[in-house]
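Now for the letters of each chain:
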Amino acid sequence: MADFPSKVTTETSSTPTQSSQQGGNSLRGLTASVTNIMDMSFIRSIPAILMMVEICLGLIHWALIASTPYTTIPAYGWVMFVAVTLWILTTILFLMILFSAQQEITFIPWPLTVMVYNAAATVLYLTAFLTNASTVHPFQYFNFDGHLGAAAFFGAVVTVAYGASAFFSYLDWKGDGGNAATNTVPT
């Protein structure tokens, strides 16, 4: 009886085909390169979650306004302008921060820029919400009062989300994160 060899190799003599290498590794390589580009810690942060809420609920808000005959009441032109413009700008800002554009474009003071943007968006969305809410007639049952009332609700929620984003971007701009322990002076 022959002795069992002490070292066994598991390599095969045939080489794998090129198509199996490309198919299996190209997707894995693509996802690895995309996740290296993306700032994954940003996705898990409160400002990113608030921006995603602003994008999703802002889309619902302007879709509700757009599904009504908003051209009959001129005030809804302002509501649509604010909702669509801030939705586009928030989406662009979210993608820029997600893909670390602030590291490439260093001449812009990003914390100050984001804080000013969120504060301005809060004020604009507040005016749009008040305009939207003031033109909804709760006791007249037209075909689209439900849409306009729902749009007013989503406008209020998006206004609060922008206000919270403005607060957190203020803390980021301030630099210390609001930690009281870092502001104490030893005596």
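Just above, that's the structure.
Here is what the cut-offs are and how they apply
Residues numbered from 1 in each chain as written. Predicted model: local features only at pLDDT ≥ 70, side-chain atom pairs only at ≥ 80, totals over all residues. Heavy atoms only, no water. Helix = DSSP H or I, 4+ residues; strand = E, 2+ residues; numbered from the N terminus. Buried < 20%, exposed > 50% of the residue type's maximum accessible area, 1.4 Å probe, protein only. Contact = heavy atoms within 4.5 Å. Areas by Shrake-Rupley, 256 points an atom, 1.4 Å probe, with all protein chains shown as cover. Phe/Tyr/Trp six-rings, centres within 6.5 Å; stacked < 30°, edge-to-face > 60°. Expected span 1.5 Å × (residues − 1). Core = buried A, V, L, I, M, F, W, Y, C linked by side-chain atoms within 4.5 Å. Axes fitted to C-alpha atoms, helices over the stretch in contact; angles between N-to-C directions. Parallel < 35°, antiparallel > 145°, perpendicular 65-115°, else oblique. Left-handed = near helix turned anticlockwise from the far one by under 90°. Nonpolar A, V, L, I, M, F, W, Y, C, P; charged D, E, K, R; others polar.

### Here's the deal with the overall build of the chain
Counting its secondary structure elements, the chain contains 7 helices and 0 strands. Put simply, the chain runs from its N terminus to its C terminus through helices and strands in the order α-α-α-α-α-α-α. Residues counted as buried form 28% of the 187 residues belonging to the chain. Pairs at least 24 apart in sequence give 76% of the contacts found in the chain among residues at least 6 apart. Element-wise, carbon and sulfur atoms account for 69% of the exposed surface of the chain, whose accessible area totals about 12,200 Å².

### Concerning the side chain of S100
Of note, S100 is situated in the loop between α4 (75-98) and α5 (101-104). Excluding its chain neighbours within four sequence positions, the residues that come into contact with S100 are I37 and D39.

### Observations concerning the packing of aromatic side chains
Inspection of the entire model under this criterion finds 7 aromatic pairs. Relative to W87, the ring of W62 has its centre 5.8 Å away and its plane inclined at 65°; by these criteria the two rings are edge-to-face. Of the two residues, W62 is situated in helix α3 (residues 46-66) and W87 in helix α4; the sequence distance between them amounts to 25 residues. Residue classification places W87 among the partly exposed positions, given a relative accessible area of 23%.

### With respect to helix α6 (residues 110-134)
Between its first and last C-alpha atoms α6 spans 36 Å; for 25 residues at 1.5 Å apiece the expected length is 36 Å, and the two agree. Along α6, the residues classified as buried are W110, V114, M115, Y117, N118, A121, T122, Y125, A128, T131 and N132.

### Looking at the nonpolar core
F42, I65, L86, L93, F94, Y125 and Y162 are the most contacted members of the largest nonpolar core, which totals 29 residues. Every element with two or more residues in this core is listed here: α3, α4, α6 and α7 (145-174).

### Describing the packing of α3 against α4
Geometrically, a packed helix pair is captured by the angle between its two axes and the distance between the axes. Put simply, α3 and α4 touch, their axes get as near as 9 Å, and they point 150° apart. Classified by the angle their axes make, α3 and α4 are roughly antiparallel. As for how α3 packs across α4, the hand of that crossing is left-handed. Here A48, M51, M52, E54, I55, G58, L59, H61, W62, I65 and A66 of α3 lie close against α4, whose contacting residues are Y76, V79, M80, A83, V84, W87, T90, T91, L93 and F94. Classifying every residue of the contact of α3 with α4 by side-chain character gives 16 nonpolar, 4 polar and 1 charged.

### Side note on α4
For α4, spanning 24 residues, the distance from its first C-alpha to its last is 35 Å, which sits close to the expected 34 Å at 1.5 Å a residue. Of all the positions in α4, only Y76, V79, M80, V82, A83, L86, T90, L93, F94, I97 and L98 are classed as buried.

### As for the packing of α4 against α6
At a minimum axis separation of 9 Å, α4 and α6 run at an interaxial angle of 155°. When the interaxial angle is binned, α4 and α6 end up roughly antiparallel. For the crossing formed where α4 meets α6, the hand is left-handed. Together, A75, Y76, W78, V79, V82, A83, L86, L89, T90, L93, M96 and I97 of α4 and W110, V114, Y117, A121, L124, Y125, T127, A128, T131 and N132 of α6 make up the contact between the two elements.

### What about unusual backbone geometry?
At S100, a position not held by glycine, the phi torsion is positive, near 60°. Here S100 falls in the buried class, since its relative accessible area comes to 11%.

### With respect to the environment of F99
Within the element layout of this structure, F99 appears in the loop between α4 and α5. Here the alpha-carbon distance between F99 and M40, two residues 59 residues apart in the chain, equals 9.2 Å. For F99, the residues in contact, after removing those within four places along its chain, are I37 and M38.

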